[in-house]
Amino acid sequence: MMCDFLFSLVCTGEIFELKAELNSDKKEKKKEAVKKVIASMTVGKDVSALFPDVVNCMQTDNLELKKLVYLYLMNYAKSQPDMAIMAVNTFVKDCEDPNPLIRALAVRTMGCIRVDKITEYLCEPLRKCLKDEDPYVRKTAAVCVAKLHDINAQLVEDQGFLDTLKDLISDSNPMVVANAVAALSEIAESHPNSNLLDLNPQTINKLLTALNECTEWGQIFILDCLANYTPRDDRESQSICERVTPRLSHANSAVVLSAVKVLMKFMEMLPKDLDYYGTLLKKLAPPLVTLLSAEPELQYVALRNINLIVQRRPEILKHEMKVFFVKYNDPIYVKLEKLDIMIRLASQANIAQVLAELKEYATEVDVDFVRKAVRAIGRCAIKVEQSAERCVSTLLDLIQTKVNYVVQEAIVVIKDIFRKYPNKYESVIATLCENLDSLDEPEARAAMIWIVGEYAERIDNADELLESFLEGFHDESTQVQLQLLTAIVKLFLKKPTETQELVQQVLSLATQDSDNPDLRDRGYIYWRLLSTDPVAAKEVVLAEKPLISEETDLIEPTLLEELICHIGTLASVYHKPPSAFVEGSRGVQHKRLPGSAGSGESVESPDTGSAAGVSEAPPAVIPSQGDLLGDLLNLDLTPPTTTGPPPPASSGMQMGAMDLLGGGLDSLMGTGFGAPPAAMPASFNVPVSGGLDDLFDLGGGVGMPMGVFNPPKTVWLPAMKAKGLEISGTFVRRAGVIQMEMTLTNKAMSVMTDFAIQFNRNSFGLAPAGPLQVLTPLSPNQSIEAALPLSTVGPVMKMEPLNNLQVAVKNNIDVFYFSCQYPISMLFAEDGKMERQVFLATWKDIPNDNESQFQIKDCHLNSDAASNKLQGSNIFTIAKRTVEGQDMLYQSMKLTNGIWVLAELRVQAGNPNYTISLKCRAPEVSQCVFQNYEMVLKN
């Protein structure tokens, strides 16, 4: 504390001294004092107390002192807005100073002082400076307009500064033109729909004239502006390319990349048979090669851009392969990027030297680089068919090195080669099997298992090899487990007599002992296929596979077009569109390349293509990772074509038709799972129809409707997360129909239209039974009620918690995602009342392990009132008996997918705590059913 006190005393003393010096009559002393103030400010000391004294120093002819004072003003004006107004008169006076440097300094400082109170005083000085006779003042004023627009856009528009800015594009000085273009581009970015930069051939000609005489940054602004122009025809396109081409030889790499961007865009409009087109391709290669002689960081940026260029036009650099050969002292990020481009440029003409290089790289010490090199050899084999044999031979040589990570990568790529060239290189399988024990990475193990399963008939001990993997099945990754399941089923279909035990073992592990839904689902599918129709099983599992494509890692064409339009920016380094990483209120425009010459595609109006009957679908909206499950990514948010349930299955499962597994599905699943007791209700024996039935072999129907408890509406989607759209809702069941009742509220400033809704796969197959009916536009501050009927025949996937529902809602603004939970009573069918004898038989038949017990606390209903209340939610009381003053209610309910839940509810007179025991063949449902009991009884 003492130290802080002494420090504050020193600071106070220092400020007092500076104050005295600032008010000195001697100019030199005053200047030195301001320097000391700026030095203190730079190291973080608070010298705002000196504001009035520093402002008094503005009245000077000394340019250096004026610069220092303006620097101080920019820093402290925001914290001292009332004091800053004192400086306005000096600004206005300085804007009329005979010295152009002082005029420019004044207008620059005005633009940097972001204080609303001052902006209105700056309009007149700024207007004069925009029309100043000196170009240095005009170019400074042009940038000031963009800064002022950021503070108060309305003021700039009202004062007519935007029109003045447009006039400056015709200025005689190239630097004024460049700054005017930069300012207009900056303003246009924050207002994507405004046509500020009205580019026409006359304007383009002025910009191209200014291009030759600008500074390097001015050239970048102009080139970026040119890239947003769409020429009328190929002649204009060629003319612009000819005038931009000299920029390719500029020393600044940013200018070069901006020029490449313009040329890449305008080349789309040039006919490929044109002589100039070939000349332009040749001119583009040398500057790109030159960029690779810079420092590593610049090299990396250049390589990321070249990667895009090569994907769009590989012919530009097809003769420059050697430039991308890796140097020993390249950083790893440069090495990996070069390797990627080498593969893209690989062709029959250069494959020999590429393979020689890659084999050399595979013996390096850097593990990541070696792995990528080995993978690259495999990619070469897939891309250039003539080189496949040589690539396989190279990979076998690398396997013989016995270096663990090299062997594993080699096996992964050989699997891909087998898929590209089936029945051609299988002679190497024996060598691969020798290295089975050394595989410890999931991807390599999965690849080896795939090879063994695919070529099981050629491997004598295939069953032993796969059995060795099966020993640690639960310790394997999901990737390996899935591959192992498929491989053993393939083996079984090829050698059924020898491997029946093995397939039963893996199916049991995958379905009964695993909690992974993907693995379980695949296991059940195989199980049913093998149990019912072995011919179909062979057709499905051993079907001929499509050949893998040459380039699996190419960027999607629509995205590539957009990234080409962003060459030289951060988007081209990330390989992501700006909308994926730019946040904030500024609109991000999606750019596209113009239609190629002769394609018949209009380059002026995006609508003309669709008018002619050729329409391109927009790129899918992809939410960031961590929003909702991937299935929501590809939602088709259009109304469903049919609203009714699918047609019933034509016949039930014919278990005895031809059973490869011997005892049918039931023998594998055990007595407690597959076969229902003899006295089960008829609804238990309906054919399997989808949903969770597929897992539990249960079915169901719908009976007489009854009322249900309706929970109150809650907010599902807050307005702050959905650009002003708020959705609150609840679920109800009326007359056997489930409905999602919603209130849609518009808390934004714009009208909302074109609503659509879609659900992710969920535990009980809930899906919209029709479109979301919002018939009128939703105006600002308006709310609309909407009721969406739901069906239970949608795709099924187990959710956590079980009653979780993930929803996507689309409108004219965007697609929004949210999740909500529905009460499970929505799924209780009206025919859920069991006969007493059936109830007793079923209760005994369900294993005791499936019984769950819960406490319902603070419930003050007697047993009859509880029974009546629960019946409203389709929870039916079968019987009631009283034992030692305790009422015991025996109840049943049936879910829409045919799962029965049995309950024993114990109600003790005078005791507010109930005990409930639940039994179900799907015990994971019990928790949701208990929560529903609690909700109904307490409301």
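Residues numbered from 1 in each chain as written. Predicted model: local features only at pLDDT ≥ 70, side-chain atom pairs only at ≥ 80, totals over all residues. Heavy atoms only, no water.

An unreviewed UniProt entry lists the protein under the name AP complex subunit beta, with Sander lucioperca as the source organism. Of the comments in the UniProt record for the protein, the one headed Subcellular location (unreviewed entry) reads "Endomembrane system". Turning to the protein, the UniProt annotation filed under Sequence similarities (unreviewed entry) states: "Belongs to the adaptor complexes large subunit family." (UniProt positions renumbered as here; feature names shortened; annotations may be inferred.)

Enquirer: For this particular structure, what's the right way to read the state of the cysteines?
Expert: By definition, a disulfide links the sulfur atoms of two cysteines through a covalent bond. Per the stated rule, a full pass over the model turns up zero disulfides. The closest cysteine sulfur to the non-disulfide-bonded cysteine 112 is located on cysteine 144, 7.7 Å from its own sulfur. Take cysteine 144: its relative accessible area is 5%, and that puts it in the buried class. (Disulfide = S-S within 2.5 Å. Buried < 20%, exposed > 50% of the residue type's maximum accessible area, 1.4 Å probe, protein only.)

Enquirer: When you look at the packing of aromatic side chains in this model, what are you seeing that I'm missing?
Expert: For any two aromatic rings, the description comes down to two numbers: the centre-to-centre distance and the angle of the planes. Taken as a whole and assessed by the stated rule, the structure comprises 13 aromatic pairs. Pairing tyrosine 574 with phenylalanine 581 gives two aromatic rings, centres 4.9 Å apart and planes at 90 degrees, and the pair type is edge-to-face. According to the relative accessible area criterion, tyrosine 574 is partly exposed, its value standing at 43%. Given the relative accessible area of 28%, phenylalanine 581 is considered partly exposed. (Phe/Tyr/Trp six-rings, centres within 6.5 Å; stacked < 30°, edge-to-face > 60°.)

Enquirer: Help me out: how do you make sense of the sheet that holds strand β7 (residues 804-810) in this one?
Expert: Whenever strands of a sheet pair, they do so through backbone hydrogen bonds, lying parallel or antiparallel. Taken together, the three strands give an open sheet; going across it, the order is β4-β7-β8, and neighbouring strands pair in antiparallel fashion. A strand with exactly one partner marks an edge of an open sheet, and here the two such strands are β4 (756-759) and β8 (815-821). Strand-to-strand twist across the sheet, computed as the mean angle between neighbouring axes with direction ignored, equals 25 degrees. The sheet contact formed by β4 and β7 spans four bridges and is antiparallel. Among the inter-strand pairings, phenylalanine 759 is bridged to a residue of β7, identified as valine 807. (Pairing = 2+ DSSP bridges. Helix = DSSP H or I, 4+ residues; strand = E, 2+ residues; numbered from the N terminus. Axes fitted to C-alpha atoms, helices over the stretch in contact; angles between N-to-C directions.)

Enquirer: How should unusual backbone geometry be read in this particular structure?
Expert: Keep in mind that most residues, glycine aside, have a negative phi and that most peptide bonds are trans. Of note, the bond from glutamate 800 into proline 801 is cis; its omega dihedral lies within 30 degrees of zero at -5 degrees. With respect to the helices, strands and loops of the structure, proline 801 is situated in the loop between β6 (783-791) and β7. Positive phi, normally seen in glycine, also occurs at lysine 402, with a value near 60 degrees. Relative to the helices and strands, lysine 402 resides in the loop between α22 (388-399) and α23 (404-420). Residue lysine 402 is classed as partly exposed on the basis of its relative accessible area, which comes to 49%. Here aspartate 754, not a glycine, exhibits a phi torsion of approximately 55 degrees, which is positive. For aspartate 754, the position within the fold is in the loop between β3 (737-746) and β4. With a relative accessible area of 53%, aspartate 754 lands in the exposed category.

Enquirer: Sorry if this is basic, but what is going on with a negative patch on the surface here?
Expert: On the surface, a cluster of negative charge is contributed by Glu464, Glu467, Glu471 and Glu501. Residue placement: glutamate 501 occurs in helix α28 (residues 500-511). On the basis of relative accessible area, glutamate 501 is assigned to the exposed category, the value being 73%. (Patch = residues over 30% accessible without salt bridge, like charges linked within 9 Å, V, L, I, M, F, W, Y side chains within 5 Å. Areas by Shrake-Rupley, 256 points an atom, 1.4 Å probe, with all protein chains shown as cover. Salt bridge = Lys/Arg side-chain N within 4 Å of Asp/Glu carboxyl O. Lys, Arg positive; Asp, Glu negative; His and termini not counted. Charge placed at Lys NZ, Arg CZ, Asp CG, Glu CD.)

Enquirer: For this particular structure, what's the right way to read the side chain of serine 867?
Expert: Within the secondary structure layout, serine 867 lies in helix α37 (residues 863-871). At a separation of 2.7 Å, a polar atom in the side chain of serine 867 contacts the side chain of threonine 877. Among all residues touching serine 867, those that are not within four sequence positions of it are Thr877, Leu889 and Gln891. (Polar contact = N/O pair within 3.5 Å; in protein donor to acceptor, adjacent residues only side chain to side chain. Contact = heavy atoms within 4.5 Å.)

Enquirer: Please explain the side chain of arginine 921 as it appears in this structure.
Expert: Looking at the element boundaries, arginine 921 is found in the loop between β13 (914-920) and α38 (926-938). A polar contact of 2.6 Å, which involves the side chain of arginine 921, links it to the side chain of aspartate 845.

Enquirer: Looking at this structure, how should I read the sheet that holds strand β1 (residues 714-717)?
Expert: If you trace the five strands from one edge of the open sheet to the other, you get β1-β2-β3-β6-β5, paired in antiparallel fashion. Strands at the two margins of the open sheet, each flanked by one partner only, are β1 and β5 (767-768). For β1 and strand β2 (residues 725-734), the ladder comprises three bridges, and the chain directions are antiparallel. Note on β2: the bridge partner recorded for leucine 717 is isoleucine 727.

Enquirer: So what exactly am I meant to see when it comes to the nonpolar core here?
Expert: Of all hydrophobic cores here, the largest spans 211 residues; its most connected members are Tyr72, Leu207, Leu358 and Phe418. When residues no more than four places from it in sequence are discounted, the contact partners of leucine 358 are Leu339, Met342, Ile343, Ala373, Ala376, Ile377 and Cys380. With 62 residues, the next largest nonpolar core counts Ile784, Val809, Ile856 and Tyr933 among its residues. (Core = buried A, V, L, I, M, F, W, Y, C linked by side-chain atoms within 4.5 Å.)

Enquirer: What am I meant to see in the pattern of salt bridges here?
Expert: Should their charged atoms come close, side chains of opposite charge can pair. With the rule as written, the count across this model stands at 35 salt bridges. One salt bridge connects lysine 359 with aspartate 397, and the closest N-O pair in it is separated by 3.3 Å. Of this pair, lysine 359 sits in helix α20 (residues 351-361) while aspartate 397 sits in helix α22; the two residues are 38 residues apart in sequence, bridging distant segments of the chain. Since its relative accessible area comes to 35%, lysine 359 is described here as partly exposed. A salt bridge links glutamate 904 to arginine 906, with the nearest nitrogen and oxygen atoms 2.9 Å apart. Connected through salt bridges with shared partners, the residues Glu268, Arg312, Arg313, Glu315 and Glu561 form a single ionic network.

Enquirer: When you look at the environment of isoleucine 417 in this model, what are you seeing that I'm missing?
Expert: Along the chain, the position of isoleucine 417 falls in helix α23. Overall, isoleucine 417 belongs to the buried group, its relative accessible area being 1%. Sequence spacing of isoleucine 417 and valine 392 is 25 residues, and the spatial spacing of their C-alpha atoms is 8.3 Å. Excluding residues within four positions of it along the chain, isoleucine 417 makes contact with Gly378, Ala381, Ile382, Val392, Leu395 and Tyr425.

Enquirer: How should the pairing of strand β12 (residues 900-908) be read in this particular structure?
Expert: When a strand is regular, its side chains alternate between the sheet's two faces. With respect to burial, β12 is a largely interior element, seven of its nine residues being buried. Two successive antiparallel strands, strand β11 (residues 886-894) and β12, enclose a turn made up of five residues, where glycine 898 displays a positive phi of approximately 95 degrees. Pairing between β12 and β13: six bridges, direction antiparallel. Looking across to β13, one finds that arginine 906 is bridged to threonine 915. The hairpin turn running from β12 into β13, its antiparallel successor, is five residues long, and glycine 910 in that turn takes a positive phi close to 85 degrees.

Enquirer: Explain the environment of methionine 742 here, please?
Expert: Tracing the chain through its elements places methionine 742 in strand β3. Relative accessible area serves as the criterion here: at 1%, methionine 742 is assigned to the buried category. In this structure, the C-alpha to C-alpha distance between methionine 742 and alanine 786, residues 44 residues apart in sequence, is 5.2 Å.

Enquirer: Would you mind showing me how to read the confidence of the model for the protein here?
Expert: Regions with low pLDDT carry predicted coordinates that are not meant to be interpreted in detail. For the protein, the average pLDDT comes to 79, and 84% of its residues sit at 70 or higher. For the stretch residues 1-10, pLDDT sits under 50, and the model shows zero contacts to residues farther than four places along the chain or on other chains. Across residues 598-707, where pLDDT falls below 50, the model places 176 contacts with residues more than four positions away in sequence or in other chains. (pLDDT = per-residue confidence, 0-100.)

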